[in-house]
Amino acid sequence: MLNILVTLPVEARHKALLESACEGCFTYCPAKDLTQSQVHGADIIIGNVKPDMIRGTEKLKWLQLNSAGTDGYTAPGVLPAGCLLTNATGAYGLAISEHMMAMLLFLMKKINLYSADQKDHSWSDHGQVRSVYGSRTLVVGFGDIGSCFARRMHDMGSTVTGIRRSKTEKPDYLEGLYQMDSLKEELGKADIVAACLPGTPETKGLFDEAAFAAMKPGAWFINVGRGNAVNQDALLAALQSGHLAGAAVDVTDPEPLPKDHPLWDAPNLLITPHISGQFHLQETFERIIRIAAENLTRFVSGELLKNQVDFATGYRRLDETVSPDR
């Protein structure tokens, strides 16, 4: 019988769904309370466990993450040979894309200025604002989150293009879908640039001084992927000079952002503390449970698992051709 360790904060109805998908011995324990013996005794783990706790396990056959990112789990020696790794792609697009829209409109409509005025009891008019309608948006990192944001921007009247690592068919709501070699050219065309990139060696520092200089004067920048995709000194300089109209970031490098970091005081910058995802929207959690339950059914049936991660890239496999090997 499979030993299945679940670290997510499940309710009775979630347990019932998981247990209906697979016969096994289920253990439910928050990640913060796990013991090494629990981790090393598991055949399947559902939920994020610190990579250092997993390293050295020999039994583990499959790890289902509750995150879309796979940072630390694809490093050599963390998972045993033959262990499958799946992520939660598909769970976060709704919550994070809505958060992106909220941050963008907050700045474009100068709600930040009016919010400050309200605290000062000041009745002021801050002049013209900008609209998504008629704008041009570039989404860099076109997975679940990027595609959800792109659809919302398209529906609001923006012309949207995307950039992703590999070449795939362009969806109807995009004007164009390109690869990374087109980044500089596309940056120069966009009024709004949204970074939805995972943390990989290839994405580290991608948005540097040259990238921000390539953007249109008066453009807006959003980052919800990983903080280390952005050179924060370069972002600060682009905001201070007025080259960027504004920026919104849900991720920084490091996290938490130190209290004395100059980014806190950058003009027209909105910072949220990496909270656009997680479980703040209940539907996100429900989607993660549904992904895990479906994969449990697939695992015991010997079928291909959804959201399998390619260890070489850290991204979800597009072909999903690896099946459980027992």
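Residues numbered from 1 in each chain as written. Predicted model: local features only at pLDDT ≥ 70, side-chain atom pairs only at ≥ 80, totals over all residues. Heavy atoms only, no water.

## Considering the overall build of the chain
- Within the chain one finds 10 helices and 12 strands.
- The C-alpha atoms of the chain give 21 Å as radius of gyration, which agrees with the globular expectation for 326 residues (20 Å, within 12%).
- Counting across all 326 residues of the chain, residues that qualify as buried make up 50%.
- For the chain, the accessible area works out to roughly 15500 Å², and carbon and sulfur atoms hold 52% of it.
- Positive and negative side-chain charges in the chain, numbering 31 and 38 respectively, have mean positions lying 2 Å apart. (Helix = DSSP H or I, 4+ residues; strand = E, 2+ residues; numbered from the N terminus. Rg over C-alpha atoms; globule rule 2.2 N^0.38 Å. Buried < 20%, exposed > 50% of the residue type's maximum accessible area, 1.4 Å probe, protein only. Areas by Shrake-Rupley, 256 points an atom, 1.4 Å probe, with all protein chains shown as cover. Lys, Arg positive; Asp, Glu negative; His and termini not counted. Charge placed at Lys NZ, Arg CZ, Asp CG, Glu CD.)

## Digging into helix H1 (residues 12-21)
- Looking only at H1, the buried set comprises His14, Leu18 and Ala21. The arc that holds every buried residue of H1, seen down its axis, measures 60°, which confines them to one face. Residues Ala12 and Ser20 are exposed on H1 and point more than 90 degrees away from its buried face. (Arc of directions from axis to C-beta.)

## As for the pattern of salt bridges
- Counted by the stated rule, this structure contains 15 salt bridges.
- Between Arg13 and Glu286 there is a salt bridge, and its shortest N-O distance comes to 2.8 Å. Separated by 273 residues along the polypeptide, Arg13 in helix H1 and Glu286 in helix H10 (residues 282-301) bring together distant segments of the chain.
- For Arg13, a relative accessible area of 46% gives the class partly exposed.
- A relative accessible area of 13% means that Glu286 is categorised as buried.
- The salt bridge partner of Glu186 is Arg136, with a shortest N-O separation of 3.9 Å. (Salt bridge = Lys/Arg side-chain N within 4 Å of Asp/Glu carboxyl O.)

## Quick word on unusual backbone geometry
- Cis peptide bonds are those with omega within 30 degrees of zero, and the linkage from Asp253 to Pro254 qualifies with 10°.
- Note on placement: Pro254 falls in the loop between strand E11 (244-249) and strand E12 (269-271).
- Along the chain, Glu255 connects to Pro256 via a cis peptide bond; the corresponding omega equals -5°.
- Locating Pro256 in the fold gives a position in the loop between E11 and E12.
- In this structure, Lys110 is a non-glycine residue whose phi angle is positive, near 60°.

## Quick word on the side chain of Gln64
- Counting through the fold element by element, Gln64 comes out in strand E4 (residues 62-64).
- For Gln64, a relative accessible area of 2% gives the class buried.
- Within the structure, the side chain of Gln64 is placed 3.1 Å from the backbone oxygen of Asn87, a separation counted as a polar contact.
- Side chain to side chain, Gln64 and Asn295 meet in a polar contact 3.0 Å long. (Polar contact = N/O pair within 3.5 Å; in protein donor to acceptor, adjacent residues only side chain to side chain.)

## Examining the pairing of strand E9 (residues 192-195)
- Across the two faces of E9 the burial is the same, with Ile192 and Ala194 and Val193 and Ala195 all buried.
- Examined bridge by bridge, E9 and strand E10 (residues 219-223) share four bridges and lie parallel to one another. Across the sheet, residue Val193 finds its bridge partner in E10, namely Phe221.
- You can see the chain leave E9, run along helix H8 (residues 209-214) and come back into E10, and the turn it takes is right-handed. (Pairing = 2+ DSSP bridges. Right-handed = clockwise from strand over helix to strand, strands pointing away.)

## Some remarks on the sheet that holds E12
- The seven strands lie next to each other as E8-E7-E6-E9-E10-E11-E12, forming an open sheet whose pairing is parallel. With partners counted over all chains shown, the strands left at the sheet margins are strand E8 (176-178) and E12, one partner each. Going from strand to strand, the sheet's axes swing by 15° on average, the running direction of each strand aside.
- Sitting on the sheet, helix H6 (residues 144-155) touches strand E6 (136-140), strand E7 (159-163), E9 and E10, and the angle it makes with E6 is about 175°. (Axes fitted to C-alpha atoms, helices over the stretch in contact; angles between N-to-C directions. Contact = heavy atoms within 4.5 Å.)

## Brief notes about the packing of helix H4 (residues 93-108) against H6
- Direction vectors running N to C along H4 and H6 enclose 50°, while the axes themselves pass 8 Å from each other. One way to sum up the angle between H4 and H6 is to call them oblique. Classified by chirality, the crossing of H6 by H4 is right-handed. Mapping the contact onto sequence places Gly93, Leu94, Ile96, Ser97, Glu98, Met100, Met101 and Leu104 in H4 and Asp144, Ile145, Cys148, Phe149, Arg152 and Met153 in H6.
- Across the contact of H4 with H6, the residue classes tally to nine nonpolar, two polar and three charged. (Parallel < 35°, antiparallel > 145°, perpendicular 65-115°, else oblique. Left-handed = near helix turned anticlockwise from the far one by under 90°. Nonpolar A, V, L, I, M, F, W, Y, C, P; charged D, E, K, R; others polar.)

## Quick look at the packing of aromatic side chains
- For the coordinates displayed, the defined rule picks out seven aromatic pairs.
- Aromatic side chains Phe26 and Tyr28 sit 6.1 Å apart centroid to centroid with 15° between the ring planes, which places their arrangement in the stacked category.
- The exposure class assigned to Phe26 is buried, which follows from its relative accessible area of 15%.
- Between the aromatic rings of Phe207 and Phe212, the centroid separation amounts to 6.2 Å while the plane-to-plane angle is 40°, which identifies the pairing as tilted. (Phe/Tyr/Trp six-rings, centres within 6.5 Å; stacked < 30°, edge-to-face > 60°.)

## Describing the sheet that holds strand E1 (residues 2-6)
- Read from one edge to the other, the open sheet built from five strands follows the order E2-E1-E3-E4-E5, with strand pairing classed as parallel. Only two strands of the sheet have a single neighbouring strand rather than two, namely strand E2 (24-28) and strand E5 (84-86). Adjacent strand axes in the sheet meet at a mean angle of 15°, parallel and antiparallel pairs treated alike.
- The pairing of E1 with strand E3 (residues 44-46) spans three bridges and is classified as parallel. Bridge pairing in E3 links Val6 to Ile46.
- Strands in contact with H1 are E1, E2 and E3; relative to E2, the strand with the most contacts, it is inclined by about 155°.
- Across the sheet, H10 lies against E1, E2, E3, E4 and E5, angled at about 165° from E4, the strand it touches most.

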